[in-house]
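As a plain string of letters, each chain reads:
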Amino acid sequence: MSDRFKTPLLGNVRDEDFNQVYEPAEDSFLLLDALEKEDNFLQTLKPTVCVEVGCGSGICITFLSQLLEYPALFICTDINPKAAEMTQLTALRNGKVVEIVVCNLVDTLEERLAGTVDVLLFNPPYVVTPSSEIASADITASWAGGVRGREVTDKLLPKVKSLLSSNGVFYLVAIQENDIDDIQQLMCKNGFRMTCVASRRAGREFLTVLKFVRQ
Ligand SMILES: C[S@@+](CC[C@H](N)C(=O)[O-])C[C@H]1O[C@@H](n2cnc3c(N)ncnc32)[C@H](O)[C@@H]1O
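Residues numbered from 1 in each chain as written. Predicted model: local features only at pLDDT ≥ 70, side-chain atom pairs only at ≥ 80, totals over all residues. Heavy atoms only, no water.

Undergrad: What's the story with the site of the ligand in this structure? I'm lost.
TA: Taken together, 19 residues lie around the ligand, and Ser28, Gly54, Asp78, Asn104 and Leu105 are the ones closest in. Here a nitrogen atom of the ligand and a backbone polar atom of Leu105 are 2.7 Å apart. A total of 590 Å² of accessible area belongs to the ligand in isolation, and the protein chains cover 99% of it. Cavity membership is defined here by more than half of the atoms lying within 2 Å of grid points; on that basis the ligand lies in the largest pocket. (Near = heavy atom within 4 Å. Polar contact = N/O pair within 3.5 Å; in protein donor to acceptor, adjacent residues only side chain to side chain. Areas by Shrake-Rupley, 256 points an atom, 1.4 Å probe, with all protein chains shown as cover. 1 Å grid on protein atoms, 1.4 Å probe; cavity = no way out; pocket = protein on both sides within 12 Å on 5 of 7 lines; lining within 4 Å. Sits in = over half its atoms within 2 Å of the grid points.)

Right, dumping it as C-alpha cells:
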C-alpha cells in the first residue's frame, strides 16, 4: 500500500528528512484511500478551493491535486517550517502548484478563506500524550494530541462551519481514543452530518477517516 503512493509522489526524499517531517504512515495512506473512494463525489463537487491543515510531507494535498479533474486552488498549512519546505518539493516534483503557509491551524488564512473551502483535509496529531507535548514547531507536533488526543483537533472543529463553502466537505482522520461519538455530537451541533469513509487497524491504532457535510 505505502509504496504505491509514496514512491511516485515523494520521489527520493532522504531518510534524514523524516527526522524533521512526518513520514507518511498508515494514517496518511488511509486518507489517500478515502479520497480515492470519494473520487466520484469529489469530481461532482467540482471543488475550486482545497485546503489541507497539517500537510507534513505534502503527500495528501499532492494526491488530491492529482485526483481532481478540474483546476482548483490548493492551499495547505503546517506549524513545522520543514514540512512546508517538503510539501513545496513534493508538489513541484509532481508538477503541481500548492500555496503553503506556516501557521497554527488556519490562523493567518481564516478571514481570506471564510466560506470558500470546498474540500478540507486534516490528519491531525491524534495520539494521546501529555498536553505539554503539543504545538511544538518540530516533529513532536506530528503526533502529540494531548488529552484524548483531541487538543489540536478540537481547536479546528469550531472553525469548520465558517471555512467551508455551502457544499463543502471536511475529511478528518481519527482513532478510537479520540472519542468519535463525541466528535460527531460536536459537529452535529454545528450543523454537520458525519459518515465514516474508511477505517483500518494499524498495530494498536484503529484508524478512521470521517467525512462531514452540512445537514
Ligand atoms: C499526523 S501528521 C500528518 C501529515 C500529513 N498530512 C500526512 O498525512 O502524512 C500531522 C501534521 O500536522 C502538523 N501540525 C500539528 N499541529 C499543527 C497546528 N497546530 N497547526 C498546523 N499544523 C500542525 C504537524 O507538523 C504534522 O505535519
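Undergrad: Help me understand the state of the cysteines in this model?
TA: Note: disulfide means a covalent bond formed between the sulfur atoms of two cysteine side chains. Under the definition given, this model contains zero disulfides. Distance from the sulfur of Cys103, which forms no disulfide, to the nearest cysteine sulfur (Cys55) is 9.7 Å. Free of any disulfide, Cys196 has its nearest neighbouring cysteine sulfur in Cys188, separated by 17 Å. For Cys196, a relative accessible area of 48% gives the class partly exposed. (Disulfide = S-S within 2.5 Å. Buried < 20%, exposed > 50% of the residue type's maximum accessible area, 1.4 Å probe, protein only.)

Undergrad: Help me out: how do you make sense of the layout of surface pockets in this one?
TA: Where empty space is left in the structure can be found by rolling a water-sized probe over the atoms. Each pocket or cavity is described by its volume, and for the largest pocket that value is around 490 Å³. Contributing to the lining of the largest pocket are 34 residues, with Gly54, Asp78, Phe122, Pro125 and Ala141 lying nearest its centre. When contributions to the lining of the largest pocket are tallied by element, the ones reaching two or more residues are α2 (26-37), β1 (49-53), α4 (59-67) and β2 (73-78). Tallied by class, residues from the lining of the largest pocket come to 18 nonpolar, 10 polar and six charged. Taken as a whole, the second largest pocket spans an internal volume of roughly 160 Å³. Lining of the second largest pocket is provided by 11 residues; of these, Arg14, Asp17, Glu85, Met86 and Leu89 occupy positions nearest its centre. Each residue belonging to the lining of the second largest pocket can be placed in one class, and the counts come to four nonpolar, two polar and five charged. (Points joined across faces, edges and corners; volume = space filled by probe spheres on them. Helix = DSSP H or I, 4+ residues; strand = E, 2+ residues; numbered from the N terminus. Nonpolar A, V, L, I, M, F, W, Y, C, P; charged D, E, K, R; others polar.)

Undergrad: Could you clarify how one ought to interpret the nonpolar core in this entry?
TA: By size, the foremost hydrophobic cluster in this structure holds 41 residues, and its most contacted members are Leu35, Leu42, Leu64, Val119 and Tyr171. The residues touching Leu35, leaving out its near neighbours within four places in the chain, are Leu42, Cys60, Phe63, Leu64, Leu67, Leu121 and Tyr171. With 31 residues, the next largest nonpolar core counts Ile75, Cys103, Leu156 and Leu164 among its residues. (Core = buried A, V, L, I, M, F, W, Y, C linked by side-chain atoms within 4.5 Å. Contact = heavy atoms within 4.5 Å.)

Undergrad: Looking at this structure, I do not really get the packing of aromatic side chains. What am I missing?
TA: Here the distance between the centres and the angle between the planes together describe a pair of aromatic rings. Enumeration according to the criterion identifies one aromatic pair in this entry. The interplanar angle of 25° and the centroid separation of 5.6 Å between the aromatic rings of Phe170 and Phe212 together place this pair among those described as stacked. One end of the pair, Phe170, is in strand β5 (residues 164-175); the other, Phe212, is in strand β7 (residues 205-214), with 42 residues separating them in the sequence. A relative accessible area of 0% means that Phe170 is categorised as buried. Phe212 sits in the buried class, given a relative accessible area of 0%. The aromatic ring of Phe41 is capped on one face by Lys211, whose charged end is 3.6 Å from the ring centroid. (Phe/Tyr/Trp six-rings, centres within 6.5 Å; stacked < 30°, edge-to-face > 60°. Lys NZ or Arg CZ within 6 Å of the ring centre and 35° of its normal.)

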